[in-house]
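Report on the structure
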Amino acid sequence: KARLAILLSGRGSNMVALVKAVHSGVLQNLAEVAVVFSNKPDAPGLETAAALGCATASLSSQGRKRAEFDAEVVEVLNQYRPDYIVLAGYMRILSPTFIRAFAGRILNIHPADTHQHQGLHAYEWAFENQLPETKITVHLVDEGLDTGPVLAQHPVDLQGADSLAEVERRGLAVEHSLYADTLARLIRGELPNLTPETATAAETTPEPLVP
Ligand code: GAR
């Protein structure tokens, strides 16, 4: 079974969806949760993870220099021998130290098409621009901000979504199934082997691999 380290900074709804998929969904028999880690010791998602029976760990990133902090996080995570680092609302840009430690094995979920929107507040962006549709993206993490090779994308119909809360509700429903499905396909070897070294090739591919 693939060992997952799930990283979060807040609520942890994607973490919950992943843990459920491991317990009794598409990730059953494929993956186990090695640890749920947070850079915020008081993140609500950590308590939720513990209540779900997951091992948890945290280190406060407050006031820390990125490279130094990340070196410590790598040490902590390595104790759990993760095969994949699964970012689930981990609101911190990763340093090259971190990315090289787990090269090609770090996944992120971004609530927009990463070719159109990077960084924070993607649902606000979709809502304010009254987009009829947005896309949820699961991608490998490279050294840029939301620039890594796309593993999967799925559209979210936003027509008639008249509040930010409604945009988020529709988007999160897609996030929660897409992340587990994509991980399952990756672990089963059904996705092309996209390492950050092949990122350039992937970035020039206009179509998402999984429409
Ligand atoms: C999710 O919408 C996730 O896609 C987003 O943060 C939220 C975390 O929610 N991530 C990003 O914006 C990364 N750039 P959660 O804690 O309930 O999973």
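What counts as what
Residues numbered from 1 in each chain as written. Predicted model: local features only at pLDDT ≥ 70, side-chain atom pairs only at ≥ 80, totals over all residues. Heavy atoms only, no water. UniProt positions renumbered as here; feature names shortened; annotations may be inferred. Buried < 20%, exposed > 50% of the residue type's maximum accessible area, 1.4 Å probe, protein only. Helix = DSSP H or I, 4+ residues; strand = E, 2+ residues; numbered from the N terminus. Pairing = 2+ DSSP bridges. Axes fitted to C-alpha atoms, helices over the stretch in contact; angles between N-to-C directions. pLDDT = per-residue confidence, 0-100. Contact = heavy atoms within 4.5 Å.

Where an unreviewed UniProt entry is consulted, the protein chain appears under the name Phosphoribosylglycinamide formyltransferase, with the organism given as Hymenobacter nitidus. The UniProt entry for the protein chain carries the following text under Pathway (unreviewed entry): "Purine metabolism; IMP biosynthesis via de novo pathway; N(2)-formyl-N(1)-(5-phospho-D-ribosyl)glycinamide from N(1)-(5-phospho-D-ribosyl)glycinamide (10-formyl THF route): step 1/1." As recorded by UniProt, the Function (unreviewed entry) comment attached to the protein chain reads in full: "Catalyzes the transfer of a formyl group from 10-formyltetrahydrofolate to 5-phospho-ribosyl-glycinamide (GAR), producing 5-phospho-ribosyl-N-formylglycinamide (FGAR) and tetrahydrofolate."

Describing the pairing of strand 6 (residues 133-140)
For strand 6, the tally of buried residues reaches 6 of 8 residues, placing the bulk of the element in the interior. Examined bridge by bridge, strand 5 (residues 106-110) and strand 6 share 4 bridges and lie antiparallel to one another. Within strand 6, the residue paired with Leu107 across the bridge is Leu140. Where strand 6 lies against strand 7 (residues 150-157), 7 bridges are found, and the strand directions are antiparallel. Its bridge partner being in strand 7, Thr137 is matched across the sheet by Gln153.

Some remarks on the sheet that holds strand 5
If you walk across this open sheet you meet the 7 strands as 3-2-1-4-5-6-7, and the pairing is mixed. Here the strands that pair on one side only, and so sit at the sheet edges, are strand 3 (56-58) and strand 7. Mean inter-strand twist for the sheet, computed between neighbouring axes without regard to direction, equals 20°. For strand 4 (residues 84-87) and strand 5, the ladder comprises 3 bridges, and the chain directions are parallel. Opposite Val86, over in strand 5, you have Leu107 as the bridge partner.

Examining the confidence of the model for the protein chain
Low-pLDDT stretches of the model should not have their predicted coordinates read in fine detail. For the protein chain, the mean per-residue pLDDT works out to 93, and 91% of the residues sit at or above 70. Counting interchain partners and residues more than four positions distant, the pLDDT-below-50 stretch residues 198-211 has 20 contacts.

Focus on the UniProt feature "domain: Formyl transferase N-terminal" (unreviewed entry) in the protein chain
Using the residue numbers shown here, the UniProt feature "domain: Formyl transferase N-terminal" (unreviewed entry) corresponds to residues 3-182. In residues 3-182, the share of helix is 36% and the share of strand is 23%. The end C-alpha atoms are 15 Å apart.

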